[in-house]
Amino acid sequence: MVKVEQDVSRRPARDEQIPFRAVALFGSLLIGIALIGVLSWVFPAGDDSVGAELLLDRNTRIFPYPFTIQNVMWLAFCMASGELLVRHLAGLREREQIHLGLLPEDDRTVLRQQDMTPIYDRVVQSDPASRHLLQRLLSGALLQFRNSGSIGQVTSTIELSIDLYQHEIEMRYNMLRYVIWLIPTLGFIGTVLGIAFAMRTAGVLFAGASFTEASIGPEMMEQVTGDLGVAFYTTLLALLQSAVLMFVMHIMEEREEGALNGIGQYCLRNFVNRLQEGR
């Protein structure tokens, strides 16, 4: 027991480090700014191509560049991508815990009440901060069997814990779901603003022009269609970005839930099925 405490004390305190999620969020924001800079270089001012209008709204008359709806959506897209990376790495870490050998994996070992303390010490030593689902699940189950000696109570504890962890995983995606919802909302805001400015431009031009003046036609159409481009391109880009993020988010959530399912099977196979109640 003394050796375990010494080993734990040598491990670095993770709580003193900068949270990885905050670092990933800040890094993804910087990547978003860099991406906007690269796209602005690829599509310079005056470029009236579809790519410049769709990706950046490069020649906007509604917003002062680079403060456009598209650029805000790119920042939100990169921040959501950073959160997806965090969730991907979290799922990988949870899967790796199964291979630490915290429980006996042979075909002959039987676990009794007096065997719980060494296993519990090994579990705590592997994760002193209780950050991983496997260690948290095993800690509660080991203490339950050591105190009660009842396999039924251990099974109920594991089932309840897995349900709580399932809810915890779903809660981790709440902010990501909000960002994915926010991107189409920004696109629709750009649509409303684009249509509003297009109608305003058309109204001003019609009010100050005679229908017999042929020179006003191309000028009026160019300005009106330019404002309508903001309306349609922001929504199109927002739908594309949200579709990509939703697809990746479902994959990441499925992997995290799969990791939790693997943890439950690991505990059932190597812990619950080995328990022996004392007479």
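Everything below is about the structure shown above.
Worth saying up front: this structure is predicted, and the values here are computed from it rather than measured.

A. Representation of the pattern of salt bridges. If you walk through the whole model with that rule in mind, you get eight salt bridges. Notably, a salt bridge pairs Glu-256 with Arg-87, separated by 2.6 Å at the nearest N-O pair. Of this pair, Glu-256 sits in helix 9 (residues 216-270) while Arg-87 sits in helix 4 (residues 69-97), and the two are 169 residues apart along the sequence. Glu-256 gets classed as buried once you look at its relative accessible area, which sits at 3%. Asp-115 serves as the salt-bridge partner of Arg-112, at 3.8 Å between the closest nitrogen and oxygen. A relative accessible area of 40% means that Arg-112 is categorised as partly exposed.

B. Expanded view of unusual backbone geometry. At the junction of Tyr-65 and Pro-66, the peptide bond is cis and its omega measures out at 15 degrees in the coordinates. Following the sequence through the fold, Pro-66 ends up in the loop between helix 3 (50-55) and helix 4. Even without being glycine, Ser-130 reaches a positive phi, approximately 55 degrees. By the secondary structure assignment, Ser-130 is in the loop between helix 5 (116-126) and helix 6 (133-148).

C. Molecular detail of the packing of aromatic side chains. Counted according to the given criterion, the structure contains two aromatic pairs. Each ring, one from Tyr-178 and one from Trp-181, has its centre 5.6 Å from the other, and the planes form 35 degrees; the classification is tilted. Here Tyr-178 and its partner Trp-181 are both found in helix 8 (residues 174-207), three residues apart, which amounts to about one turn of the helix. If you follow Arg-146 out to its NZ or CZ, it ends over the ring of Tyr-120, 5.6 Å from the centre.

D. Region of interest: empty space enclosed by the protein. Within the structure shown, the criterion is met by one cavity of 30 Å³ or more. Here the largest cavity is characterised by a volume of approximately 40 Å³. If you list the elements that add at least two residues to the lining of the largest cavity, you get helix 4, helix 7 (151-172) and helix 9. The element best represented in the lining of the largest cavity is helix 9, accounting for four residues. Residues of the lining of the largest cavity, tallied by class, amount to six nonpolar, one polar and three charged.

E. View of the nonpolar core. Of all hydrophobic cores here, the largest spans 51 residues; its most connected members are Leu-138 and Phe-271. Taken together, the elements giving at least two residues each to this core come down to helix 2 (20-42), helix 3, helix 4, helix 5, helix 6, helix 7, helix 8 and helix 9. Sorting elements by how many residues they give to this core places helix 9 first, with nine residues. In contact with Leu-138, other than residues within four places in its own chain, are Leu-102, Leu-103, Val-123 and Cys-267.

F. Representation of helix 7. A rise of 1.5 Å per residue sets the reference length of helix 7, with its 22 residues, at 32 Å; its end C-alpha atoms lie 31 Å apart and thus fit the reference within 8%. All of the buried residues in helix 7 are Val-154, Ile-158, Ser-161, Tyr-165, Ile-169 and Arg-172. Along the axis of helix 7, the buried positions cluster into a sector of 80 degrees, meaning they face one direction only. Relative to its buried face, helix 7 has exposed residues pointing more than 90 degrees away, namely Leu-160, Asp-163 and Leu-164. The backbone nitrogen of Gly-152 lies 3.4 Å from a side-chain oxygen of the residue at the head of helix 7, namely Ser-150.

G. A look at a nonpolar patch on the surface. Together, Phe-26, Leu-30 and Ile-33 make up a nonpolar patch on the protein surface, roughly 310 Å² of accessible area in all. Under the relative-accessibility criterion, Ile-33 is labelled partly exposed at 48%.

H. Representation of the side chain of Ser-139. Structurally, Ser-139 can be placed in helix 6. A distance of 2.7 Å separates the side chain of Ser-139 from the backbone oxygen of Gln-135, its partner in a polar contact. Leaving out residues up to four positions away in the same chain, Ser-139 has contacts with Tyr-120 and Val-123.

I. Inspection of the packing of helix 6 against helix 7 at higher detail. The geometry of helix 6 relative to helix 7 is characterised by a closest axis approach of 9 Å and an angle of 160 degrees between their N-to-C directions. By the criterion of interaxial angle, the relationship of helix 6 to helix 7 is roughly antiparallel. Read as a crossing pair, helix 6 and helix 7 show a hand that is right-handed. The residues of helix 7 that touch helix 6, namely those facing Leu-133, Arg-136, Leu-137, Gly-140, Ala-141, Gln-144, Phe-145 and Ser-148, are Ile-151, Gln-153, Val-154, Thr-157, Ile-158, Ser-161, Ile-162, Tyr-165, Glu-168, Ile-169 and Arg-172. Considered class by class, the residues forming the contact of helix 6 with helix 7 number 10 nonpolar, six polar and three charged.

Analysis parameters
- Residue positions within a chain follow its written sequence, with the count starting from 1.
- Only residues with pLDDT of at least 70 are given local features in this predicted model, and only at 80 or more are side-chain atom pairs given and counted; all residues enter the totals for whole chains, interfaces and linings.
- Hydrogens and water are ignored here; the side-chain numbers use all heavy atoms of the structure.
- The working definition used for a salt bridge is a side-chain nitrogen of Lys or Arg within 4 Å of a carboxyl oxygen of Asp or Glu.
- In this text, helices come from DSSP runs of H or I with a minimum length of four residues, and strands from runs of E with a minimum of two, each type numbered from the N-terminal end.
- For every residue, the accessible area obtained with a 1.4 Å probe (protein chains only) is divided by the maximum for its type, and the residue is called buried under 20%, exposed over 50%, and partly exposed between those limits.
- Between rings of Phe, Tyr and Trp, where Trp is taken as its six-membered ring, a pair exists when centres lie within 6.5 Å; planes separated by under 30 degrees are stacked, by over 60 edge-to-face, and by other angles tilted.
- Two thresholds decide whether a charge sits over a ring: the Lys NZ or Arg CZ must be within 6 Å of the ring centre and within 35 degrees of the ring normal.
- Residues are said to line a cavity or pocket when one of their atoms sits within 4 Å of a point; the points come from a 1 Å grid over protein atoms alone, cavities being sets where a 1.4 Å probe fits but cannot get out and pockets being open sets with protein on both sides within 12 Å along at least five of seven lines.
- Grid points are joined across faces, edges and corners, and a volume is the space filled by probe spheres set on the points.
- Under the scheme applied, nonpolar residues are Ala, Val, Leu, Ile, Met, Phe, Trp, Tyr, Cys and Pro; charged residues are Asp, Glu, Lys and Arg; polar residues are all the others, including Gly.
- Buried Ala, Val, Leu, Ile, Met, Phe, Trp, Tyr and Cys residues that are joined via side-chain atoms within 4.5 Å together make up what is termed a nonpolar core.
- Contacts are residue-level and defined by heavy atoms, with any inter-residue pair within 4.5 Å sufficient.
- Here the expected span of a helix is defined as 1.5 Å times the quantity of residues minus one.
- What the arc covers is the set of directions going from the helix axis to the C-beta atoms.
- N or O atoms within 3.5 Å of each other form a polar contact, as long as, within protein, one can give a hydrogen and the other can take it, and as long as residues adjacent in sequence are counted only when both atoms are side-chain atoms.
- Residues enter patches when their relative accessible area tops 30% and they take part in no salt bridge; the joining distance is 9 Å for like charges and 5 Å for the nonpolar side chains Val, Leu, Ile, Met, Phe, Trp and Tyr.
- For accessible areas, the Shrake-Rupley method is used with a probe of radius 1.4 Å. Any residue's cover is judged against the shown protein chains and nothing else.
- Every axis in this analysis is a line fitted to C-alpha atoms, fitted for helices over the stretch in contact. Angles between the N-to-C directions lie between 0 and 180 degrees.
- Every angle not falling under 35 degrees, over 145, or within 65 to 115 is termed oblique; those three ranges are roughly parallel, roughly antiparallel and roughly perpendicular.
- Handedness of a helix crossing follows the sense of rotation of the near helix relative to the far helix, less than a right angle counterclockwise being left-handed and clockwise being right-handed.

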